Amino acid sequence: MPGMIAFGRRWGIASDDLVFSGSFELFVRVLWWIGTLALYTLHKGKFDCSGGRVLHSYLVVLLVLLAFIILSLCAIVYVSAQGTITNPGPRRSIPVLVYVRATLYVPELIWAILGAIWVSDDSRGCEPAEVGAVIAAVVASWILLLSTGVGVLFVFDPLGSRLPGPPFQEQLGVRDLESSEGSQLLSTARSVAVRVWESRLRLLCCCLPQDESHRAAFSSIAQLVSGFFSDTDLVPSDIAVGLALLHQEQDKKEQCRDPDEVLPHSPSSPIAEDLEAELEKAAHCMQFAIAAYGWPMYVYSNPLTGACKLSGDCCKTQSAEYDIVGGDNMGCHFSSILHSTGLQYRDFIYVSFHNQIYEIPFFVALDHKREAVLVAIRGTLSLRDLLTDLSADCENLPVEGVSGTCYAHKGMSQAAGYIYKKLLNDGILNQAFTIAPEYKLVITGHSLGGGTASLLAILLRSSFPTLQCYAFSPPGGLMSKALAEYSKDFVVSVVLGKDLVPRLSYPNMEDLKRRILKMVSNCNKPKYRILLQGCWYELFGGDPDDFPTEMDRREEELSQPLLGEETLLIRGSSSYHSLASEDSPVHCAHLPLYLPGRILHITEDGPSRRSCFSQVRYRAEWSSETAFRSVLISPRMIADHMPDAVLRSLHSITQDRPFNLCPSSLSNSHLNVI
């Protein structure tokens, strides 16, 4: 921090990011220099062929070039390791060293070209071993040069030449930026950032049709992504440092937490029975939610037998009497659903694998075991699903009988509307209840499917008052407070451990950015040391490092930037309003969204770190949305979101219940733990 200024532009790396890359290149260059020296020593005087003098000269000059490169790399690594993240003063000479190192690429490139020509033209008559050794040196030169070119592309910031320089930032303070000139400057920068991100999304999604709906999604997502870190001068390594420090800080805070008061309860109490019953239903519904993913998830969950079981059944489903809509030409998706659910062909009313942006696959089946018409919605499995996930703007979702403002995640609201129209307008639910009129309606899904299922349940509630919805790992930024309260009567959200997705919302991400800024600005150690110690902690555990962090300061001081943090801000950051009142600017642009319904939280029972071969035990408890108002950094934050992990935890609790009946660890009388 800040982004390194070189060649008249800002780059995507800082002056203290060259320690690891420089050390790696230095290691390679030293090995190459030693190998070249050994080659020259062994073959000195043996290049007696017609082109031997040229090849001999090539090795001599190569040794000299490598020596200069090694010296420049030593200087870069040493200087880059000085100072701290917010104190780049000791590294002020890095741009000069980078210029020197870049200058050395010119003779190296020329020499690599000449070496390739000489080896091809002047090596006739020489010993094959000698020629092969020189060819190896030439090839190594080209590999390193190409690797360097790829590295430059990675750290190239398309917006680097557009950002105002530090002197201009100092001249235009936060108040000055409110002027017409400053507003125009920031507006132009934001527009350029949005266009850059739109171009990146189009390139990433080049295989998708570039129709109006996709273009609108690209624009919406680009505005969201480009604006998130646009008010900071952070590079990716700064964010990695902040996450590493925040993880250790959270672990340290958790270790120092006083034990909660334990309130014993009888397992036969009504609340315990309610929790046990909901766990049983959730475990059953999760089988359908995971089945909706089709054959990829089935093979992933059954790596040894899944492919073999499906290979003989894929083509058989073509003889089924029921229409399968879109995307399942071989019938493998439907075959995996049959294997996962244990249902028969005749139990399925409608199966759709049609997949477009805002239109996700789902199926409707008769669940005779639970006497339910079950609607299972697939989670994220394609690029189109990812675009639906990232369309995170708010959209009005008026619901009759709900007091308060009603709005929801745009992408999932659109997907719920698409399925709602299919179920009612196409008569799918009418057909199902004609066959089984006494059955009740149950809706389920995981991740994207869980969020969509919750919104679909809200839309269908007035027509089916007894419906139930089980949403597994739904996104945190899903629906307004009014809708979340309304859904508590019929929606149960199941969250495993430190899953990231149920904690994803714009206020939470703004809060995470604020905490990253605090961690980075308040740390007094070099970046390379923090990253090394952070990697060691993530891999092998141990005691959290005692870095000076934001927790050492009073909580009321966290609402203002630190002195060192002001250097991280390009303009007044909205992240300091992320936990402010509803009238703050953030809530006007990005309204707060919440998890749906009642929240059933499953956590591992025991130490946070365990051996790879130890048996995992889980505990479940009713939780509140306040427990998911901040992102928890953990190696499990992605693994806990996987559907097979959620299913495994539910099976563990429901099948081994005698070992999971635990007293409540919460002082609230309405919260119980299994």
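All chains use their own residue numbering, which begins from 1 and follows the written sequence. Reporting of local features is limited, given that this is a predicted model, to residues whose pLDDT is at least 70; pairs of side-chain atoms are given and counted only at 80 or more, and all residues count toward the totals for whole chains, interfaces and linings. The side-chain numbers reported here are obtained from all heavy atoms of the structure, hydrogens and water having been left aside.

Per an unreviewed UniProt entry, the chain is named Diacylglycerol lipase-beta, and its organism is Salmo salar. UniProt positions are given in the numbering used here, feature names are shortened, and annotations may be inferred rather than shown by experiment. Database annotation for the chain, UniProt heading Subcellular location (unreviewed entry): "Cell membrane". What UniProt states about the chain under its Cofactor (unreviewed entry) heading is, verbatim, "Ca(2+)".

A. Structural detail: the overall build of the chain. The helix and strand tally for the chain stands at 22 helices and 13 strands. Taking the contacts inside the chain whose residues are at least 6 apart along the sequence as the reference set, 74% of them involve residues at least 24 apart. Counting only carbon and sulfur atoms, one obtains 60% of the accessible surface of the chain, whose full area is about 31,600 Å². Strands are runs of DSSP state E lasting at least 2 residues, helices are runs of H or I lasting at least 4, and numbering of each runs from the N terminus. The contact criterion used is simple: two residues touch if any of their non-hydrogen atoms lie within 4.5 Å. Here the Shrake-Rupley method, with its probe set to 1.4 Å, supplies the accessible areas, and only the displayed protein chains count as covering residues.

B. Local environment of the nonpolar core. Buried Ala, Val, Leu, Ile, Met, Phe, Trp, Tyr and Cys residues that are joined via side-chain atoms within 4.5 Å together make up what is termed a nonpolar core. Here the term buried applies to any residue with accessible area under 20% of the maximum for its type, exposed to any over 50%, and partly exposed to those in between, with areas from a 1.4 Å probe on protein chains only. Counting 47 residues, the largest nonpolar core has Val375, Leu423, Leu441 and Ile443 as its most contacted members. Of all the secondary structure elements, the ones that give two or more residues to this core are β4 (348–352), β5 (362–367), β6 (372–377), α14 (410–425), α15 (428–435), β9 (440–446), α16 (448–460) and α17 (481–486). Per-element accounting of this core gives the leading share, 8 residues, to α16. Leu275, Phe288, Phe334 and Ala645 belong to the second largest nonpolar core, which has 41 residues in total.

C. Examining the UniProt feature "transmembrane region" (unreviewed entry) in the chain more closely. The sites that carry the UniProt feature "transmembrane region" (unreviewed entry) are, in the present numbering, residues 26–43, 55–78, 98–119 and 131–156. Here residues 55–78 runs as 100% helix and 0% strand, with 35 Å between its end C-alpha atoms.

D. Highlighting the packing of aromatic side chains. Planes of paired rings set the category: under 30 degrees apart is stacked, over 60 is edge-to-face and the rest tilted, where pairs are Phe, Tyr or Trp rings (Trp by its six-membered ring) whose centres lie within 6.5 Å. Scanning the entire structure with this criterion turns up 7 aromatic pairs. Considering the side-chain rings of Phe334 and Tyr345, the 6.0 Å spacing of their centres and the 55° angle between planes classify their relative orientation as tilted. Residue Phe334 is located in helix α12 (residues 332–341), and its partner Tyr345 is located in the loop between α12 and β4; the two are separated by 11 residues in the primary sequence. Grouping aromatic residues by their ring pairs yields a cluster made of Phe334, Tyr345, Phe348 and Phe363. Put simply, a charge is over a ring when the Lys NZ or the Arg CZ is close to the ring centre, within 6 Å, and near the line of the ring normal, within 35 degrees. A cation sits over an aromatic face here: Arg101 above Tyr105, 3.8 Å from the ring centre. The ring of Tyr594 carries the charged tip of Lys481 above its face, separated from the ring centre by 5.1 Å.

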